[in-house]
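Commentary on secondary and tertiary structure
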Amino acid sequence: MQGACMSVLCVCICVSVLLRSAISQSHTESDTYTECTDGYHWDPQTEHCKDINECETIPDACKGEMKCFNHYGGYLCLPRSASVIPAPEPPITPTEAFNPCPVGYEPQGDSCVDVDECERDEHDCQPSQQCINTLGAFTCQCPDGYRKVGTECIDIDECRYRYCQHRCVNVPGSFSCQCEPGFQLAGNNRSCIDVNECEMGAPCSQRCYNTYGTFLCRCDQGYELGPDGFACNDIDECSYSSYLCQFQCVNEPGKFSCVCPEGYQLLGTRMCQDINECETGEHQCTEAQTCVNIHGRYQCVDNNRCQDPYVQVSENRCVCPVNKPACRDLPFSIVHRYMSITSERSVPSDIFQIQATSVSAGAYNTFRIRSGDDNGDFYIRQINNISAMLVLARAVSGPREYTLDLEMVSVNPLVSYQGNYQTSSALRLSIYVGPYTF
């Protein structure tokens, strides 16, 4: 098909020259001239040779995707996308006198001079073409962006020559370059350079990173990127784990913090430590009272806790005189002690050791819980003759308070002649169970 088109093109160019020659012939040379060159037929009305429209007379003049374009003396097969500026019909000049000069010249005296067809408007250039006079003829120059095929001006598809770095858009007589998203045209209007979206108001809510042809949004610590890829949403760290804080986790924008209950202070970032109000002075105990620090709070106890028939002999120690009949069945002495434990402590757990301060020679000592353990939450484990361990038998929850009388019974056979070989002493232990596991 391409070979056929080139052949037709050659015929068209040749015919165009012949046509101009035929038009310039004087009709007076032969009144009976009715023969025309190929591609023309004689028109008896105008008495001139008239172009044959092969696109109408030849069935399927162009095959496939080619389109037929008629022109003087022949036709062209061009792609359907081709843009063609049709040439106007050549003007029919009236019958002129015989011209002895060659075509494109006219007699002037005894010589022939060139005819400026462009100045006389005796040319067949299209309105969009520029007529350029030459010796004996003229040429038609197509505008920029077109190329001449025969007498037609056909648009040049500049996009075929890869003038643009990214995308090329062909338009009649010209072209334009376009860039992919994330790029913009450079100063030469052909190359594409990266656009820094971060400097042009990219919709990142926190941090923006420019990359080649696009950009990325990133979030500060404690935030995560939303589904739209732009917004940063706070991460609720407290919902991920119950072990972040010892007591309570509080979510904040971009972070979290740990808080402690009243009576406790934060140790580090997540642990809670009991505040010793007795040492800091943050208590309201009177001078007649002693401040006892316990988990999460404090307790004010009287300096003298001895109850009749006991009398106070020293700080925290009461003695029942032997000369009082009421003291016969009571422990000889009671020592007051205080301690605090946490809730839900693992069991069994050693919590308090009892130690005899003085022991008579030959005495045998035993230890027991005299009172205060109605539910059996504790038991005594004797270590040796002079010491024993108070053991927490069951996990207990606070706030709660126990008052245990821990008794040491001494039996001494060596002094049995006095008629009283058994004596006892007690340790009154106040146990405060805190409200938390810390």
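The name given to the protein in an unreviewed UniProt entry is EGF containing fibulin extracellular matrix protein 2a, with the source organism recorded as Acanthochromis polyacanthus. The protein has a UniProt comment under Sequence similarities (unreviewed entry) that states "Belongs to the fibulin family." Turning to the protein, the UniProt annotation filed under Subcellular location (unreviewed entry) states: "Secreted, Extracellular space, Extracellular matrix".

**Digging into the side chain of His-295**
Tracing the chain through its elements places His-295 in the loop between β24 (289–294) and β25 (297–302). On the basis of relative accessibility, which here comes to 19%, the residue His-295 falls in the buried class. A distance of 2.5 Å separates a polar atom in the side chain of His-295 from a polar atom in the side chain of Ser-340. Contact partners of His-295, with chain neighbours within four places excluded, come to Tyr-264, Asp-274, Ser-340, Ile-341, Thr-342, Gly-434, Pro-435 and Phe-438.

**Concerning the sheet that holds strand β32 (residues 387–392)**
One open sheet accounts for 3 strands, arranged β29-β32-β31; its pairing is antiparallel. Looking at the sheet topology across the chains shown, the edges are occupied by β29 (349–355) and β31 (378–382). Within this sheet the neighbouring strands show an average axis-to-axis angle of 30 degrees, counted without direction. As paired elements, β31 and β32 share 5 bridges and run antiparallel to each other. Counted as the bridge partner of Tyr-379 is Val-391 from β32.

**Observations concerning the nonpolar core**
With 21 residues, the main nonpolar core has Ile-351, Phe-352, Phe-378, Leu-390, Leu-406, Leu-429 and Ile-431 as its most contacted residues. Those elements that place two or more of their residues in this core are β28 (333–341), β29, β31, β32, β33 (400–411) and β34 (422–433). When sequence neighbours within four positions are dropped, the list of residues in contact with Leu-429 reads Arg-337, Tyr-338, Met-339, Phe-352, Leu-390, Tyr-402, Thr-403, Leu-404 and Leu-406. By size, the runner-up hydrophobic cluster in this structure holds 7 residues, among which are Tyr-310, Cys-318, Cys-327 and Ile-334.

About the criteria used
Residues numbered from 1 in each chain as written. Predicted model: local features only at pLDDT ≥ 70, side-chain atom pairs only at ≥ 80, totals over all residues. Heavy atoms only, no water. UniProt positions renumbered as here; feature names shortened; annotations may be inferred. Helix = DSSP H or I, 4+ residues; strand = E, 2+ residues; numbered from the N terminus. Buried < 20%, exposed > 50% of the residue type's maximum accessible area, 1.4 Å probe, protein only. Polar contact = N/O pair within 3.5 Å; in protein donor to acceptor, adjacent residues only side chain to side chain. Contact = heavy atoms within 4.5 Å. Pairing = 2+ DSSP bridges. Axes fitted to C-alpha atoms, helices over the stretch in contact; angles between N-to-C directions. Core = buried A, V, L, I, M, F, W, Y, C linked by side-chain atoms within 4.5 Å.

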